[in-house]
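So the chains spell out like this:
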Amino acid sequence: MAGISVAGLLLPSAIAYAGIAGLSPAYAIIATIAGLAAYAALGRSRFAMVAPTSSSAAILAALLLSKQAQGVDAAAVTEAAVLMTGLCFVAAAVARLGTLAGFISRPVLRGFTLGIAVTITVKQLPAITGVQENGANTLPLLWHLILALPLWHFGAVLLGAAALVALTLLRRFGNLPAPALVLCAGVALSAVTNLPAHGIALVGTLPMQWPRLAWPDLSLSGWSDVAELAPLLFLILFAESWSSIRGLALLHGDRITVDHELMALGGANLLAGLVQGMPVGAGFSASAAAEAAGARSRAAGLAAMGTILVLAVWGRELIALLPLPVLAAIVIASLTHALNPAPLVRLWMLRRDASVATAAVLAVLVLGVLDGMLFAVVFSVLALLQSLAGARLTELGRLPGTTNFVSRVRHPEAEAYDGLLILRPAEPIFFANAERILTGTVNLAAQGKAITQVILSLEESPDLDSTSLDALAECNAELRKSGRHLLLARVKDHIRDAIAQTSPELTTEARCFRSVIDAYTAATKT
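The rules we used
- Residues numbered from 1 in each chain as written.
- Predicted model: local features only at pLDDT ≥ 70, side-chain atom pairs only at ≥ 80, totals over all residues.
- Heavy atoms only, no water.
- Helix = DSSP H or I, 4+ residues; strand = E, 2+ residues; numbered from the N terminus.
- Contact = heavy atoms within 4.5 Å.
- Lys, Arg positive; Asp, Glu negative; His and termini not counted.
- Charge placed at Lys NZ, Arg CZ, Asp CG, Glu CD.
- Pairing = 2+ DSSP bridges.
- Axes fitted to C-alpha atoms, helices over the stretch in contact; angles between N-to-C directions.
- Buried < 20%, exposed > 50% of the residue type's maximum accessible area, 1.4 Å probe, protein only.
- Expected span 1.5 Å × (residues − 1).
- Salt bridge = Lys/Arg side-chain N within 4 Å of Asp/Glu carboxyl O.
- Right-handed = clockwise from strand over helix to strand, strands pointing away.
- Parallel < 35°, antiparallel > 145°, perpendicular 65-115°, else oblique.
- Left-handed = near helix turned anticlockwise from the far one by under 90°.
- Arc of directions from axis to C-beta.
- Patch = residues over 30% accessible without salt bridge, like charges linked within 9 Å, V, L, I, M, F, W, Y side chains within 5 Å.
- Areas by Shrake-Rupley, 256 points an atom, 1.4 Å probe, with all protein chains shown as cover.
- Phe/Tyr/Trp six-rings, centres within 6.5 Å; stacked < 30°, edge-to-face > 60°.

## Things to note about the overall build of the chain
- Counting its regular elements, the chain contains 21 helices and seven strands.
- Expressed along its principal axes, the backbone C-alpha trace of the chain runs to roughly 95 × 45 × 45 Å.
- For the chain, contacts bridging at least 24 residues in sequence account for 78% of all contacts bridging at least 6.
- Both charge centroids of the chain, one from 34 positive and one from 32 negative side chains, sit 8 Å from each other.

## Some details on the sheet that holds strand β5 (residues 420-425)
- With respect to topology, five strands assemble into an open sheet ordered β4-β3-β5-β6-β7, the strand pairing being mixed. The two strands at the open ends of the sheet, each matched to only one other strand, are β4 (405-407) and β7 (485-489). Going across the sheet, the axis of each strand differs from the next one's by a mean of 35 degrees, ignoring polarity.
- Alignment of β5 against strand β6 (residues 453-457), held across four bridges, turns out to be parallel. By the bridge assignment, I422 is partnered in β6 with I455.
- With respect to the sheet, helix α18 (residues 434-447) is in contact with β3 (393-398), β5 and β6, its orientation differing from that of β5 by roughly 160 degrees.

## Let's talk about the side chain of T119
- Structurally, T119 is set in helix α5 (residues 106-129).
- Assessed through its relative accessible area of 7%, T119 is described here as buried.
- Those residues in contact with T119, other than ones at most four positions away along the chain, are T138, V364 and L365.

## Focus: the pairing of β3
- The pairing of β3 with β5 spans three bridges and is antiparallel. Considered in β5, the bridge of L393 is made with P425.
- Of the pairings in the sheet, the one linking β3 to β4 comprises three bridges and is antiparallel in character. Bridging across to β4, G397 finds its partner in V406.
- The hairpin formed by β3 and β4 contains six residues between the paired strands, and G401 there has a positive phi angle of roughly 75 degrees.

## Description of helix α10 (residues 258-274)
- For α10, with 17 residues, the first-to-last C-alpha span of 24 Å sits near the 24 Å given by 1.5 Å per residue.
- Along α10, the residues classified as buried are D259, E261, L262, A264, L265, G266, G267, A268, N269, A272 and G273.
- Of the surrounding secondary structure, the elements contacted by the buried residues of α10 are α2 (25-42), β1 (50-51), α4 (74-94), α9 (220-252) and β2 (281-282).
- Backbone geometry just after α10 places Q276 at a positive phi near 65 degrees.

## Things to note about the pattern of salt bridges
- Enumeration over the complete set of coordinates arrives at eight salt bridges.
- The shortest N-O distance in the salt bridge between R490 and E459 comes to 3.7 Å. With R490 in the loop between β7 and α20 (493-502) and E459 in the loop between β6 and α19 (466-481), the pair connects residues that are 31 residues apart, well separated along the chain.
- Look at R490 and you get partly exposed, because its relative accessible area is 37%.
- Under the relative-accessibility criterion, E459 is labelled partly exposed at 24%.
- Shared partners join several salt bridges into a network, and the residues in it are R424, E459 and R490.

## What to know about the side chain of E79
- Structurally, E79 is set in helix α4.
- Not counting the four nearest positions on each side in its chain, E79 is found in contact with P216, G273 and Q276.

## Brief notes about the pairing of β6
- With five of its five residues buried, β6 lies for the most part within the structure.
- Where burial is concerned, the two faces of β6 agree: the one with Q453, I455 and S457 and the one with V454 and L456 are both buried.
- Chirality of the crossover, the property in question, places the unit of β5, α18 and β6 among those that are right-handed.
- Of the strand pairs in this sheet, β6 and β7 are connected by five bridges, and their pairing is parallel. For Q453, the partnering residue across the bridge sits in β7 and is H485.
- Regarding the hand of the β-α-β motif, the stretch spanning β6, α19 and β7 is right-handed.

## Side note on the packing of α5 against helix α6 (residues 138-147)
- Between α5 and α6, the least distance of the axes is 10 Å, while the angle of their chain directions is 30 degrees. The angle between the axes of α5 and α6 places the two elements in the roughly parallel class. Regarding α5 and α6, the two cross each other, and that crossing is left-handed. In this structure, α5 contributes V118, T119, V122, K123, L125, P126 and T129 to the contact, and α6 contributes T138, L141, L142 and L145.

## Some remarks on helix α12 (residues 299-314)
- Its 16 residues place the ends of α12 22 Å apart at the C-alpha level, agreeing with the 22 Å of an ideal helix rising 1.5 Å per residue.
- Where α12 is concerned, the buried positions are A300, G301, A304, M305, I308 and A312. Each buried residue of α12 sits inside an arc of 140 degrees when the element is viewed along its axis, so together they form one side.
- Those residues of α12 that are buried are in contact with α1 (2-21), α2 and α13 (316-320).

## What to know about the packing of α5 against helix α16 (residues 354-367)
- The N-to-C vectors of α5 and α16 enclose an angle of 30 degrees; their axes lie 7 Å apart at closest approach. Between α5 and α16, the interaxial angle falls into the category roughly parallel. The handedness of the crossing between α5 and α16 is right-handed. Between α5 and α16, the residues in contact are P107, V108, G111, F112, L114, G115, I116, V118 and T119 and V356, A357, A360, V361, V364 and L365, respectively.

## Looking at a nonpolar patch on the surface
- Taken together, the side chains of L139, L142, W143, I146, L147, L362, V366, L367 and F375 make up a nonpolar region of the molecular surface, amounting to roughly 860 Å² of accessible area.
- Of all elements in the fold, only α6 and α16 reach the threshold of two or more residues within the nonpolar patch.
- Tracing the chain through its elements places V366 in helix α16.

## Some points on the packing of aromatic side chains
- Tallied over the entire structure, the rule returns seven aromatic pairs.
- Seen in terms of ring centroids, F238 and W242 are 6.3 Å apart; in terms of plane orientation they differ by 25 degrees. Their pairing is stacked. Of the two residues, F238 and W242 both sit in helix α9, four residues apart, roughly one turn of that helix.
- Three or more aromatic residues link up through ring pairs in this structure, and these residues are F89, F234, F238 and W242.

Written out as structure tokens, the structure is:
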């Protein structure tokens, strides 16, 4: 029952995602069957529904759009992109690179997800309003729909709105398969009413070309072009899939391993590519629907696959009767979780990474899916570099009666020792901030004429590069010229070995310590 319920969501979503990518529905239906079968054999999550996803469809659409002007066959590009994405998954699994998902930060992923959800929702509005889409990006399309308000088809809008209301109400009744029920109702309405005569479009006949094992017919330059974007498609699919799989596993106490899931997703994409399908991943909406429907094992995925296969073989005439406004409503309803701005509001309240997430949303809406995602990733990296490069120096003091050293600004009760300055960089020292931090150390020491010793805590620095080592040596020399001594605290062994190559006097037992309290004790005794 869980599988049949999820099939009611997967099938119309697959048709819609194929439309987003500009492909025949057969690509998405075949990919759904292949993804569900491969994951059931290789995966471990009992809830994951591996099928085409909204984000992968949008990225594939951007890739195909860029290749259309070059006269490249869309089918060959799609197959090559899916195969190379599958190879990326397998390579990452073999190399145990599951942590690659961290290359796309959660704020970027949340912003990208919201931007994608808004983009897909707006792309569905022409089907509901009956207004011809002009092929523009999200914001121009939205403006086009607003200007065309007098041309909206009242019957189509009413039908789409009724489907959305029905989906919302049915979801309140436990495990009812809301998408499947609304889909059936739409088909039944179309069967008894001549909707096209009233100006309401239907899905129409689905041209199904059954899969055949084949290798994409692309030139070497074509493969090279696809290879540039396959890693991005892999990162998006994996970040989205792992977020869904891990979240549901933690909710139910299931044990899964990231590298095993990488291999399963790789196998699913390789099979989908070989049978001329779209890229696949464990989308949140379908996976969450499986969990809500009571899925207990991967047999739910097999049941969903069987249902879709039966409908694709014997039920195409019924699917052809599905009204486009109902299909659009089902897709929009499946994205309601992603349209929730609460995660972004939370970031603004936390005052952490809000600008990065907001930039991801705006970039997708203004620049499009592919360029927007690239911009968001680059922006997040630049924001990280800016944060690291602008590291602050914190002056520490000793809490009375303890061996703890804390910020004197946040803890005014922390004691300072005459003639001693204790500093701690707030970020790791590396080539971009080394001169700023260590020059700042010299300047702060110069502000206190009575200061004769400076303790620099390196607890935030896991390592020092050559620029940092040279800057440390220069800092030591400047302090020595002014009659001051530099002591180091919280120095890791491998860093001590590196410092010994450039400033051996700093690694003596009298000047290099494992803790701040040891350095403090040594400094206050002299």
